[in-house]
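Listed below, chain by chain, are the residues.
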Amino acid sequence: MASPKQLPKTAQIRLVSSHDEVYEPCDDSFALVDALLADRTNLLEHHPAFCMEIGCGSGYVITSLALILGVEGNGVNYIATDINPHAVKVTHETMEAHGVNAELIMTDIASGLEKRLAGLVDVMVVNPPYVPTPEDEVGSEGITSSWAGGENGRSVIDRILLVADTLLSEKGWLYMVTLQANNPSEICHEMRKKGYASKIVVQRSTEEESLLIIKFWRDLDIEINGQSTSGFMGSLLSQIPMLSYLSGNNSENKC
Ligand SMILES: C[S@@+](CC[C@H](N)C(=O)[O-])C[C@H]1O[C@@H](n2cnc3c(N)ncnc32)[C@H](O)[C@@H]1O
């Protein structure tokens, strides 16, 4: 595992192949990796066993995550999916070039994996198709499916959030790119109803869009259906500084 003093060389990621129909890393991909770098100390202390990317594109983000966590000998399992078969191939080549082993699957979100991965994913990263478009562009063939997000850009996002709730482990973290147009506060509100706290890790405005990278984690003190989920675990967490951060007591940048 990389020592916290050694900075991972995510800027040196080599994309050894490309394809006209595969999303090239862009401001949103860079903002997501910057969020992972900003949270690097917590990620290293988190010791994830399973990391997953939904919509891996070129593989830039999941390879960066692997470099942040330290590629060699840390026993982390990486899984990435994309609906675009060319993206799966390019991701395979990117990860292989950096010595990262991963299971790469062409599928819609995580279709066919829910049973096997339920409750196992400790870190999930997602840069979804978030651009508001006509609904019939969502999931269309080729590069359009990289950005076409349907009404308010939420069609794929909302489906991913449902799947994330199934796949994330008890200590699971989700980092997701959103746009102001996606109504991120409503997303956080919906996730809160499922028991997740959230915070904005990176906020960035480009000429074209206003991006937010939001981190979600299960908050044992949040009431779901009027019932607190904390009990014994909640009182235990409040006594441990690192875990009480996870329990949502850190109100900085709350979404
Ligand atoms: C904005 S691109 C992000 C690519 C890459 N993660 C990055 O940040 O550079 C969105 C990716 O999600 C994939 N995608 C779109 N809809 C999907 C779905 N329903 N299931 C899985 N992947 C999907 C696209 O093919 C594309 O590769």
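What counts, and where the lines are drawn
- Residues numbered from 1 in each chain as written.
- Predicted model: local features only at pLDDT ≥ 70, side-chain atom pairs only at ≥ 80, totals over all residues.
- Heavy atoms only, no water.
- UniProt positions renumbered as here; feature names shortened; annotations may be inferred.
- Phe/Tyr/Trp six-rings, centres within 6.5 Å; stacked < 30°, edge-to-face > 60°.
- Helix = DSSP H or I, 4+ residues; strand = E, 2+ residues; numbered from the N terminus.
- Buried < 20%, exposed > 50% of the residue type's maximum accessible area, 1.4 Å probe, protein only.
- Lys NZ or Arg CZ within 6 Å of the ring centre and 35° of its normal.
- Expected span 1.5 Å × (residues − 1).
- Contact = heavy atoms within 4.5 Å.
- Pairing = 2+ DSSP bridges.
- Right-handed = clockwise from strand over helix to strand, strands pointing away.
- Axes fitted to C-alpha atoms, helices over the stretch in contact; angles between N-to-C directions.
- Core = buried A, V, L, I, M, F, W, Y, C linked by side-chain atoms within 4.5 Å.
- Near = heavy atom within 4 Å.
- Polar contact = N/O pair within 3.5 Å; in protein donor to acceptor, adjacent residues only side chain to side chain.
- Areas by Shrake-Rupley, 256 points an atom, 1.4 Å probe, with all protein chains shown as cover.
- Nonpolar A, V, L, I, M, F, W, Y, C, P; charged D, E, K, R; others polar.

As annotated in an unreviewed UniProt entry, the protein carries the name Methyltransferase small domain-containing protein and is attributed to Trifolium subterraneum. Turning to the protein, the UniProt record has this under Subcellular location (unreviewed entry): "Nucleus".

Asks: Teacher, can you tell me more about the packing of aromatic side chains here?
Replies: For any two aromatic rings, the description comes down to two numbers: the centre-to-centre distance and the angle of the planes. Enumeration over the complete set of coordinates arrives at 2 aromatic pairs. Arranged with centres 5.5 Å apart and planes meeting at 85 degrees, the rings of F30 and Y60 form a pair that is edge-to-face. Highlighted residues: F30 in helix α1 (residues 27–38) and Y60 in helix α3 (residues 60–69), separated in sequence by 30 residues. Classification of Y60 by relative accessible area gives buried; the value is 12%. Between K215 and the ring centre of W173, over which it is positioned, the NZ or CZ distance is 3.5 Å. The ring centre of W217 lies 5.9 Å from the NZ or CZ of K215, which sits over that ring.

Asks: Mind showing me how you'd approach helix α7 (residues 155–167) here?
Replies: For an α-helix, 3.6 residues make a turn, and residues three or four places apart therefore share a direction. In a regular helix each residue adds 1.5 Å, so 13 residues correspond to 18 Å; α7 covers 19 Å between its end C-alpha atoms and thus fits that length. Of the residues making up α7, those classed as buried are S155, V156, I157, I160, L161, V163, A164 and L167. Lining the buried residues of α7 we find β1 (50–54), α5 (114–117), β4 (121–126), β5 (168–179), α8 (184–193) and β6 (196–205).

Asks: What's the story with the pairing of strand β2 (residues 77–82) in this structure? I'm lost.
Replies: A regular strand places its side chains on the two faces of the sheet in alternate fashion. Summarising burial for β2: 5 of the 6 residues are buried, a large majority. Two elements, β1 and β2, share 5 bridges in a ladder whose sense is parallel. Each bridged residue has a counterpart across the sheet, and for M52 the counterpart in β2 is I79. Two strands pair when backbone bridges link them, and β2 and strand β3 (residues 103–106) are joined in this way by 4 bridges, in the parallel orientation. For I79, the partnering residue across the bridge sits in β3 and is E103. Handedness of the crossover joining β2 and β3 through helix α4 (residues 85–97): right-handed.

Asks: Help me out: how do you make sense of the sheet that holds β3 in this one?
Replies: For sheets, the rule is that strands pair by backbone hydrogen bonds, running either parallel or antiparallel. The mixed open sheet is built from 7 strands, whose spatial order is β3-β2-β1-β4-β5-β7-β6. Both edges of this open sheet fall to β3 and β6, since each of them pairs with a single strand only. Between one strand axis and the next, the sheet turns by 15 degrees as a mean value, whatever way the strands run. Two strands pair when backbone bridges link them, and β4 and β5 are joined in this way by 5 bridges, in the parallel orientation. Following the sheet pairing, V123 is matched in β5 by W173. Together, β4, β5, β6 and β7 (210–218) form the strand contacts of α1, whose direction differs from that of β6 by roughly 125 degrees.

Asks: It is not clear to me how the nonpolar core should be interpreted in this structure. Could you clarify?
Replies: Most often, soluble globular proteins keep nonpolar side chains buried together rather than apart. If you look at the biggest cluster of nonpolar residues, it comprises 65 residues, and the most contacted ones within it are L43, M52, Y78, M124 and L174. In terms of residue count, the dominant contributor to this core is α3 (8 residues). L43 has contacts with L36, P48, L65, I68, L69, V123, W173 and Y175, leaving out every residue within four places of it along the chain.

Asks: Sorry if this is basic, but what is going on with the site of the ligand here?
Replies: Of all residues adjacent to the ligand, which total 19 residues, the nearest are E53, G55, D82, D108 and I109. Separating an oxygen atom of the ligand from a side-chain N or O atom of D82 is a distance of 2.6 Å. Protein chains bury 98% of the 600 Å² of accessible surface belonging to the ligand in isolation. Of the residues that constitute the shell around the ligand, the class distribution is 8 nonpolar, 8 polar and 3 charged.

Asks: Hey, could you run me through the side chain of R218 in this one?
Replies: Residue position: R218 is located in strand β7. Within the structure, the side chain of R218 is placed 2.8 Å from the backbone oxygen of L168, a separation counted as a polar contact. Within the structure, R218 has its side chain in polar contact with the backbone oxygen of S169 (distance 3.2 Å).

Asks: Can you walk me through the environment of L120 in this structure?
Replies: Structurally, the position occupied by L120 is in the loop between α5 and β4. Apart from the residues within four sequence positions on either side, L120 is in contact with F50, L167, L168 and S169.

Asks: Is there a simple way to think about the environment of A164 in this case?
Replies: Tracing the backbone shows A164 in helix α7. Take A164: its relative accessible area is 0%, and that puts it in the buried class. Distance in space between the C-alpha atoms of A164 and V90 is 24 Å, their sequence separation being 74 residues. Residue contacts for A164: discarding those within four places in its chain leaves M124, L174 and Y196.

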